[in-house]
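The chain contents come next:
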Amino acid sequence: MKSIKLIISCVLALWATALSAQTHFTYEPNYGKDMRIFFQLANAGEVVDKTDNYEVAAFVGNTCRGVGEFVTAEGTNGQSVKYGYLVVHSNHDSGETVTFKYYDKKAQKEKTIRNASVDFVADTNVGLPSAPFILDIAAIDGDASDNGSVDANDIVVIVNYLLNKNSKINLDGADMNKDGKINIADIVQIVNRIMGN
């Protein structure tokens, strides 16, 4: 029995190493506990059908704990169901908060998925293929600094961007009015949001 467990562990470790070598995200598969997450990507509530350009990973703090893959399976009604499958690794039974990041291959950008976290509990599932956990990758309107909130820092980031100063900017979040341009109108809307107008 021990030899079977050892063989399965070796196969899983080799599979995880091979998977992480092919992705933007990497992790060390040397953990003893696992939790499985079945997920779907969404953008502003709409399910993302074309997932080829995305990679999803789980993190505890700044440490990557697992890299997801997208799976297509036949549903009970005969239609195909597409979902993500991610194994999160830990050395603890519980007590860690798992957050998520995605990598957009086309834009070559890595982003944190806001408002999505789970508590690690070994040997459990989060979501099911038929009812996946939703990871919404939509930018927060007005979050030019990409820090997860709309505040005065976003105004500074946009002003620096408009003055052609070296400013790291989240263009999707900065375009508050969704007109395809970053300008003073976006700053006005951000100020209004901060002031509660």
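Because the structure is predicted, anything quoted here is derived from the model rather than measured. (Residues numbered from 1 in each chain as written. Predicted model: local features only at pLDDT ≥ 70, side-chain atom pairs only at ≥ 80, totals over all residues. Heavy atoms only, no water.)

1. Quick word on the pairing of strand β8 (residues 109–121)
Here strand β7 (residues 94–104) runs beside β8; their pairing, made up of eight bridges, is antiparallel. If you follow Tyr-102 over to β8, its bridge partner there is Lys-111. Taking the residues that link successive antiparallel strands as the turn, the β7-β8 hairpin has four residues, and the phi of Gln-108 there is positive, at about 55°. (Pairing = 2+ DSSP bridges. Helix = DSSP H or I, 4+ residues; strand = E, 2+ residues; numbered from the N terminus.)

2. A word on the packing of aromatic side chains
Applying the stated criterion across every chain yields a total of six aromatic pairs. On the numbers, 5.8 Å between centres and 75° between planes, the contact of Phe-25 with Phe-59 is edge-to-face. Of this pair, Phe-25 sits in the loop between α1 (2–21) and β1 (33–43) while Phe-59 sits in strand β3 (residues 54–60), and the two are 34 residues apart along the sequence. Seen in terms of ring centroids, Phe-38 and Tyr-85 are 5.2 Å apart; in terms of plane orientation they differ by 45°. Their pairing is tilted. With Phe-38 in strand β1 and Tyr-85 in strand β6 (residues 80–90), this residue pair connects regions lying 47 residues apart in the sequence. In this structure Tyr-85 comes out as partly exposed when scored by relative accessible area, which is 24%. Between Lys-101 and the ring centre of Phe-59, over which it is positioned, the NZ or CZ distance is 4.6 Å. (Phe/Tyr/Trp six-rings, centres within 6.5 Å; stacked < 30°, edge-to-face > 60°. Buried < 20%, exposed > 50% of the residue type's maximum accessible area, 1.4 Å probe, protein only. Lys NZ or Arg CZ within 6 Å of the ring centre and 35° of its normal.)

3. Digging into helix α2 (residues 152–162)
The α-helix advances 3.6 residues per turn, and as a result positions three or four apart in sequence lie on the same side. Those residues of α2 that sit buried are Asp-154, Ile-155, Val-157 and Ile-158. Considered in projection along α2, the buried side chains sweep an arc of 165° and stay on one side of the axis. On the buried face of α2, the contacting elements are α3 (171–174) and α4 (184–195). (Arc of directions from axis to C-beta. Contact = heavy atoms within 4.5 Å.)

Remember, this is a structural readout, not a statement about activity or role.
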